[in-house]
Amino acid sequence: MYSRSQGFEILSDARHNKSVAFSRQERELFNLRGLLPYSSVTQDVQVKRIMDGLKRKSSDIEKYLLLSLLHDRNERLFYRVVTEYVEEVMPIIYTPTVGQACKEFSNNFKRTRGFYITPEDKGEIRKILDNWPEDYVKVIVVTDGERILGLGDLGANGMGIPIGKLELYCACAGIHPYECLPVMLDVGTNNQELLDDILYLGYPFNRIKGEEYFELVDEFVMAIQDKYPKALIQFEDFLTPNAYALLNKYKDKVLCFNDDIQGTAAVALSGVYASTRITNVAFKDLKVMFLGAGSAATGIADLMVAAYMKEGLTKKQAESQLWFVDVNGLVVESRDDLMEHNLPYAHLHPQMSFEEAIDDIQPHILIGATGVAGTFTQTVIEKMTKYNERPVIFALSNPTSKAECTAEQAYEWSNGKAIFASGSPFAPVNYKGTEYRPGQGNNAYVFPGIGLGAIISNAKNIPDELFLEAAKTLSEQVTEDDINAGALYPKLSEIRNHSLEIAIRVADAAFELKIAKGHKPHNLRKFVKDYMFDPKY
Ligand SMILES: NC(=O)C1=CN([C@@H]2O[C@H](COP(=O)(O)OP(=O)(O)OC[C@H]3O[C@@H](n4cnc5c(N)ncnc54)[C@H](OP(=O)(O)O)[C@@H]3O)[C@@H](O)[C@H]2O)C=CC1
Ligand SMILES: CC(=O)C(=O)O
Ligand SMILES: [Mg+2]
């Protein structure tokens, strides 16, 4: 990799720094003699040093900080570590540890990463965007920090999420680091604890809302369209009403998607497809019950409707197989507290509690997206087991502390019958001598590949068909071994290959649908593979 920096400058330039891996020749060329210890080592040895260092750390947050410093110092080494040890490292740079990192973001702040926009920048967003040093940004992950995982309003501390998501774009889909832009739309926070904290670094006022809020977001979207017209905008961890309002406003006009609504939908649908290989229930006959009726759960239901319709069901029939329960019980037509996105699933049915609804509807699949731990109780799992030989249980809430139930609970309470997946990782569980491998139903399995496919094809927008394609592709990556271990998702260690497959199919579908602005490469697979960033020196 070519660099114009010399001497100390190149050692503090994370993009080009190789540190003790600089060869004798490079040390001569870049005026590095005397600045490094004698040994010139391979990147493999550097990786070993990092992994040994991680093992010596006694807490996950310390590991997060070590990796974050590495990212600041030597980008290629950081990504080499993440790609090679993705199973060990993903729970650190992503959920669950990223949740804690967000909570402590201001306390641990050392070096800036990403772009911050506040209400004081109104009218000048396009101008200040020129302060960002990169010309070829292709993927932007933006949050306003109001619904960070299941942790609520973390204000500007939520910046850990765009940073973490973009690290996965690079590690899992080979997007080049310089093509990534994490953005915090810091519109304030209503979290009083943060406002009272002298160390809090965000805009220290209550959130702006209504017209003022939507105008600021619009100015941001337009500024991005102007400076980076080919960039994909991923909306992340917005509060549900805002998430829907923004998605509906921009999804047909701008290359964008909402990860919590649409990415989650694709990964959950993929798991649902895979589950039918174990349960042998035909996909079009599946009855699904959701606990939580927010953006994640509704996004899944909406994509399932599209998937059912491809199997010949009418929209009405499809919707009738999907049931929601929220804090106030079963979502039914007679309720007057529902939001617009709930209405297609508010069936003409008596109002009842969650447990009563399981007895009444007898769903094949239970999907939790509440952000509330312990909501899948022993009784809930037992009821699901009563009605299904193999009950399918998704506890999607993040981080781990918010999961609706643990993997161990699901297997124990179902006497080993449950097919379990969760948003944050759980280790395999040995129950009565059999090892069960929970799958990780997290949008991280799909958003990197979807994003890569969208930018490769230079798509105008991302319609549902592309999310369906991603779901199908991922489910096809689930092997017989995975199925035999009760896992609905393939092993994370192969995620780069899965992202590649998703990207190819998504790009291909974009060309088929004629929403791709570019020309289809003669050999799409080779084109995508060649595009992908390889962190090896
Ligand atoms: N695995 C993955 O890939 C993803 C996981 N998630 C996780 O899903 C969770 C929810 O996210 P999101 O949908 O955006 O959030 P929302 O706030 O939009 O949705 C939460 C829903 O759960 C309901 N709820 C809250 N408490 C209970 C309860 N005790 N019983 C029944 N329902 C309850 C809420 O009702 P009300 O509004 O009335 O309080 C609301 O309908 C988060 O923890 C998030 O981390 C999100 C995206 C991706
Ligand atoms: C995974 C994710 O996007 C979330 O929990 O919000
Ligand atoms: Mg999210």
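What counts and how
- Residues numbered from 1 in each chain as written.
- Chains lettered and ligands numbered in written order.
- Predicted model: local features only at pLDDT ≥ 70, side-chain atom pairs only at ≥ 80, totals over all residues.
- Heavy atoms only, no water.
- UniProt positions renumbered as here; feature names shortened; annotations may be inferred.
- Helix = DSSP H or I, 4+ residues; strand = E, 2+ residues; numbered from the N terminus.
- Contact = heavy atoms within 4.5 Å.
- Axes fitted to C-alpha atoms, helices over the stretch in contact; angles between N-to-C directions.
- Parallel < 35°, antiparallel > 145°, perpendicular 65-115°, else oblique.
- Left-handed = near helix turned anticlockwise from the far one by under 90°.
- Nonpolar A, V, L, I, M, F, W, Y, C, P; charged D, E, K, R; others polar.
- Buried < 20%, exposed > 50% of the residue type's maximum accessible area, 1.4 Å probe, protein only.
- Polar contact = N/O pair within 3.5 Å; in protein donor to acceptor, adjacent residues only side chain to side chain.
- Near = heavy atom within 4 Å.
- Areas by Shrake-Rupley, 256 points an atom, 1.4 Å probe, with all protein chains shown as cover.
- Domains from an automatic or database assignment.

**Observations concerning the UniProt feature "active site" (unreviewed entry) in the protein**
(1) Moving on: As annotated by UniProt and renumbered to match this structure, "active site" (unreviewed entry) occupies Tyr94 and Lys165. Taken along the chain, the residues just named run across 72 residues; in space they keep tight, none of their C-alpha pairs more than 7.4 Å apart.
(2) Moving on: Relative to the elements of secondary structure, Tyr94 occurs in the loop between helix H6 (86-93) and helix H7 (97-103).
(3) Moving on: Residues within four places of Tyr94 in sequence aside, it is in contact with Lys165, Leu168, Asn442, Asn443, Ala444 and Phe447.
(4) Moving on: Excluding its chain neighbours within four sequence positions, the residues that come into contact with Lys165 are Tyr94, Val141, Gln234, Glu236, Asp259, Asn443 and Phe447.

**Description of the packing of helix H22 (residues 495-512) against helix H23 (residues 524-531)**
(1) Moving on: The interhelical angle for the contact between H22 and H23, taken along N-to-C directions, is 125°, at an axis separation of 10 Å. Classed by the angle they form, the pair H22 and H23 counts as oblique. Of the two possible hands of crossing, H22 and H23 adopt the one that is right-handed. The residues of H23 that touch H22, namely those facing Leu500, Glu501, Ala503, Ile504, Ala507, Asp508 and Phe511, are Leu524, Arg525, Val528 and Lys529.
(2) Moving on: Of the residues contributing to the contact of H22 with H23, the split by class is seven nonpolar, no polar and four charged.

**Looking at the side chain of Gln440**
(1) Moving on: In this structure, Gln440 sits in strand S14 (residues 439-440).
(2) Moving on: Residue classification places Gln440 among the buried residues on the basis of a relative accessible area of 8%.
(3) Moving on: Only 3.0 Å separates the side chain of Gln440 from the backbone oxygen of Gly423, close enough to count as a polar contact.
(4) Moving on: Once residues within four sequence positions are removed from consideration, Gln440 is found in contact with Thr95, Ser422, Gly423, Ser424, Pro425, Tyr445, Tyr489 and Leu492.

**Things to note about the site of ligand 2**
(1) Moving on: Around ligand 2, the surrounding shell consists of Tyr94, Arg147, Leu149, Lys165, Glu236, Asp237, Asp260, Asn398, Asn442 and Asn443.
(2) Moving on: Contact distances for ligand 2 include 3.1 Å between an oxygen atom and a side-chain N or O atom of Arg147.
(3) Moving on: Interatomic distance of 2.9 Å between a side-chain N/O atom of Asp237 and an oxygen atom of ligand 2.
(4) Moving on: Burial of ligand 2 by the protein chains amounts to 92% of its free accessible area of 210 Å².
(5) Moving on: Classifying every residue of the shell around ligand 2 gives two nonpolar, three polar and five charged.
(6) Moving on: Counting residues domain by domain, the shell around ligand 2 receives three or more from each of domain 2 (97-254) and domain 3 (260-537).

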